[in-house]
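# Inside the fold
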Amino acid sequence: MNLAILGFIMVIIFMILIMSKKMSALAALIIVPTVFGLIGGFYSNLGEYMVDGLLTVAPTGIMLVFAILYFGVMIDAGLFNPVIEAIMKAVKGDPVKITIGTVALASLVALDGDGTTTFIITVTAMLPLYKKMGMNLYILSTLALLSIGVMNMTPWGGPTARSISSLQLTTEEVFTPIIPVMIAGILFAVFAAYVLGVKERRRVGIKNHLSLTLDEMHNSNGTDEDEKALLRPKIVIVNALLTILLLIALITSFLPIPVLFMIGFAIALLINYPSLEVQSELIKRHAGNVLAVVGLVFASGIFTGVMNGTEMVDEMAKALVNVIPESMGNHFALITAILSMPFTYFMANDPFYYGILPILAESAQQFGVAKAEMARASILGQPLHVLSPLYAAGYLLVGMLGIDYGTNQKVVMKWAIGSSVFMIFVAGIIGVISF
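Right, let's get into the overall build of the protein chain. In terms of regular secondary structure, the protein chain is built from 21 helices and 0 strands. Computed over its C-alpha atoms, the radius of gyration of the protein chain comes to 22 Å, within 12% of the 22 Å expected for a compact globule of 435 residues. Principal-axis analysis of the C-alpha atoms gives the protein chain an extent of 65 × 50 × 45 Å. When contacts within the protein chain are restricted to residue pairs at least 6 apart in sequence, those whose partners lie at least 24 apart make up 81%. When the accessible surface of the protein chain is split by element, carbon and sulfur atoms take 67% of a total near 18000 Å². Averaging the coordinates of the 23 positive side-chain charges in the protein chain and doing the same for the 26 negative ones gives two points 12 Å apart.

In structure tokens form, the structure reads like this:
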């Protein structure tokens, strides 16, 4: 069977299984690629491909383990309580203000370009308020994903840096012209927040006298007296400085991200809880969340390994490129922007930006379309990319909210596509890419 067709069928079957709740994401990520690898006749090398995939996601898995533990310690110590309290006072029980506040907070936190920290901080701050108001948690997920989908386009976020390096361009050529488009993307997220907030306002109403104290916030999360005893209000400034230093180190790539979180976690643990007994209890308490998230990450490594090792992903890319008629050559940037949505959804950023984008850019040059324009176009599909089953932080978000992965896909996908399409439209109007 043609590998491209096999690959597309595999992805479609995977999506049907998880969105219809016939299979959990964890099981589907392992079983579906295994079955299709066997169908494709890759019996002898299938194990090797899987191991390669696991090695690829291993740094991400390690990073998530210690990121969850680090922010778990900070949450237990009460680092974010002042922020939560300020948000609670500002929104005054209005669902519209809560949803817009969600976008504002998520966008600000996402300046570091990392979905893991964005989701941990945003969910920690907003989840108690959503629960107190009786608001739909899928809205919180939607707004957090729309925000990181735009902010992921910063040079340190990943895709922009990859597009710049793969086409040997400069940050000024690619990122600077994209800034107004990113602003448009955040405005779209605010629009989504307003629309969803109005719906929730009609459903749950405005609770003008809502007063969620920190004690009530902890109680709404099922916090018991022992957990309240973990709060460290006297060293909140120390914890804040440590977190700021960690974020600066992440942005400047001072050390590899997994290493930074490992060091950060060790320091945070010693500063806040010097008792070995308490340290042990804390690690056990967060182990369930770590296992659930990292299990999905390593399962996605199986999916990625089979896709890459069998070269299904390469054939899928070629099939999509080959369907572009020569008469559409002058619109290559627009076509690339549109293709970036499915491409970055079906595959990780690395194979797209280092494998597919150079091919597209080389082809575009034959029609007079500059490489810088192609690089800009290639990152406009990021709002959909953060919904990809290969995007590890997405599992963390779903796990923290306690919502269903497949349902989340259905709820968020139309907004993610809308965000990308709106940014593509704005990019064309202001001349960032040519139509």
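Below, the discussion takes up the nonpolar core. Grouped together as the largest cluster of nonpolar side chains are 139 residues, with contacts concentrated most on Y70, M126, Y130, L380 and I433. In contact with M126, other than residues within four places in its own chain, are I87, I98, T102, L105 and L140.

Turning to the packing of helix α14 (residues 276–309) against helix α20 (residues 392–401), a few remarks are in order. Running from amino to carboxyl end, α14 crosses α20 at an angle of 150 degrees, the nearest separation of the two axes being 9 Å. Here α14 and α20 pass one another in a crossing that is right-handed. Touching N289, V293, L296, V297 and S300 of α14 are A392, Y395, L396 and M400, all from α20. Taken together, the residues of the contact of α14 with α20 sort by class into 7 nonpolar, 2 polar and no charged.

Across its 34 residues, helix α9 (residues 171–204) extends 46 Å between first and last C-alpha, which sits within 8% of the 50 Å expected from 1.5 Å per residue. Bending of α9 peaks at approximately 45 degrees at the position of I179, with proline P180 no more than four residues after it. Just beyond α9, the residue with positive phi is G205, at close to 80 degrees.

Tracing the sequence through the fold places Y353 in helix α17 (residues 349–365). By relative accessible area, which is 0% here, Y353 ends up buried. For the pair Y353 and T160, spaced 193 residues apart in sequence, the C-alpha to C-alpha distance is 9.1 Å. Beyond its immediate stretch of four places on either side in the chain, Y353 contacts P159, R162, S163, S166, T344, P358, S378, I379 and Q382. Here the side chain of Y353 touches S378 through a polar contact of 2.8 Å, landing on its backbone oxygen. Among the polar contacts made by the side chain of Y353, one reaches the side chain of Q382 at a distance of 3.3 Å.

Moving on to the packing of helix α8 (residues 159–166) against α9. The interhelical angle for the contact between α8 and α9, taken along N-to-C directions, is 145 degrees, at an axis separation of 9 Å. Every pair of crossing elements has a handedness; the one defined by α8 and α9 is right-handed. For the pair formed by α8 and α9, the contact residues are T160, S163 and I164 on the first element and T171, V174 and F175 on the second. Of the residues contributing to the contact of α8 with α9, the split by class is 3 nonpolar, 3 polar and no charged.

Moving on to empty space enclosed by the protein. All chains considered together, the criterion is met by 1 cavity of 30 Å³ or more. In this structure, the largest cavity spans a volume of roughly 50 Å³. Surrounding the largest cavity, L145, V386, L387, S388, Y391, G394, V398, Y405, N408 and Q409 form its lining. Of all elements in the fold, only α20 and α21 (405–429) reach the threshold of two or more residues within the lining of the largest cavity.

Turning our eyes to something else, we now look at the environment of M88. With respect to the secondary-structure elements, M88 resides in helix α4 (residues 81–91). Owing to a relative accessible area of 10%, M88 belongs among the buried residues under this scheme. When the C-alpha atoms of M88 and A125 are compared, they prove to be 9.2 Å apart, with 37 residues separating the residues in sequence.

Now for unusual backbone geometry. The phi angle at E311 is positive, at roughly 65 degrees, despite the residue not being glycine. When you line up the elements, E311 lands in the loop between α14 and α15 (312–322). For E311, a relative accessible area of 43% corresponds to the partly exposed category.

Here T99 is to be found in helix α5 (residues 95–109). Its relative accessible area of 0% is what places T99 among the buried residues. There is a polar contact of 2.8 Å between the side chain of T99 and the backbone oxygen of V96. The residues touching T99, leaving out its near neighbours within four places in the chain, are Y130, M135, I139, L143, A193, Y194 and G197.

Taking 1.5 Å as the rise per residue, helix α7 (residues 137–151) with 15 residues should run 21 Å; its terminal C-alpha atoms sit 21 Å apart, in good agreement. Most of α7 is tucked away: 15 of the 15 residues are buried. A distance of 2.8 Å separates the backbone nitrogen of Y138 from a side-chain oxygen at the start of α7, and that oxygen is part of N136.

Quick look at a nonpolar patch on the surface now. A surface patch of nonpolar side chains, amounting to about 550 Å² of accessible area, comprises V238, F254, L255, V259, I263, I267 and I271. With 4 residues, helix α13 (residues 257–272) is the single largest residue contributor to the nonpolar patch. Topologically, I267 is positioned in helix α13. According to the relative accessible area criterion, I267 is partly exposed, its value standing at 34%.

The rules we used
- Residues numbered from 1 in each chain as written.
- Predicted model: local features only at pLDDT ≥ 70, side-chain atom pairs only at ≥ 80, totals over all residues.
- Heavy atoms only, no water.
- Helix = DSSP H or I, 4+ residues; strand = E, 2+ residues; numbered from the N terminus.
- Rg over C-alpha atoms; globule rule 2.2 N^0.38 Å.
- Contact = heavy atoms within 4.5 Å.
- Areas by Shrake-Rupley, 256 points an atom, 1.4 Å probe, with all protein chains shown as cover.
- Lys, Arg positive; Asp, Glu negative; His and termini not counted.
- Charge placed at Lys NZ, Arg CZ, Asp CG, Glu CD.
- Core = buried A, V, L, I, M, F, W, Y, C linked by side-chain atoms within 4.5 Å.
- Buried < 20%, exposed > 50% of the residue type's maximum accessible area, 1.4 Å probe, protein only.
- Axes fitted to C-alpha atoms, helices over the stretch in contact; angles between N-to-C directions.
- Left-handed = near helix turned anticlockwise from the far one by under 90°.
- Nonpolar A, V, L, I, M, F, W, Y, C, P; charged D, E, K, R; others polar.
- Expected span 1.5 Å × (residues − 1).
- Bend = angle between axes of the 7 residues up to and from the residue.
- Polar contact = N/O pair within 3.5 Å; in protein donor to acceptor, adjacent residues only side chain to side chain.
- 1 Å grid on protein atoms, 1.4 Å probe; cavity = no way out; pocket = protein on both sides within 12 Å on 5 of 7 lines; lining within 4 Å.
- Points joined across faces, edges and corners; volume = space filled by probe spheres on them.
- Patch = residues over 30% accessible without salt bridge, like charges linked within 9 Å, V, L, I, M, F, W, Y side chains within 5 Å.
- Salt bridge = Lys/Arg side-chain N within 4 Å of Asp/Glu carboxyl O.

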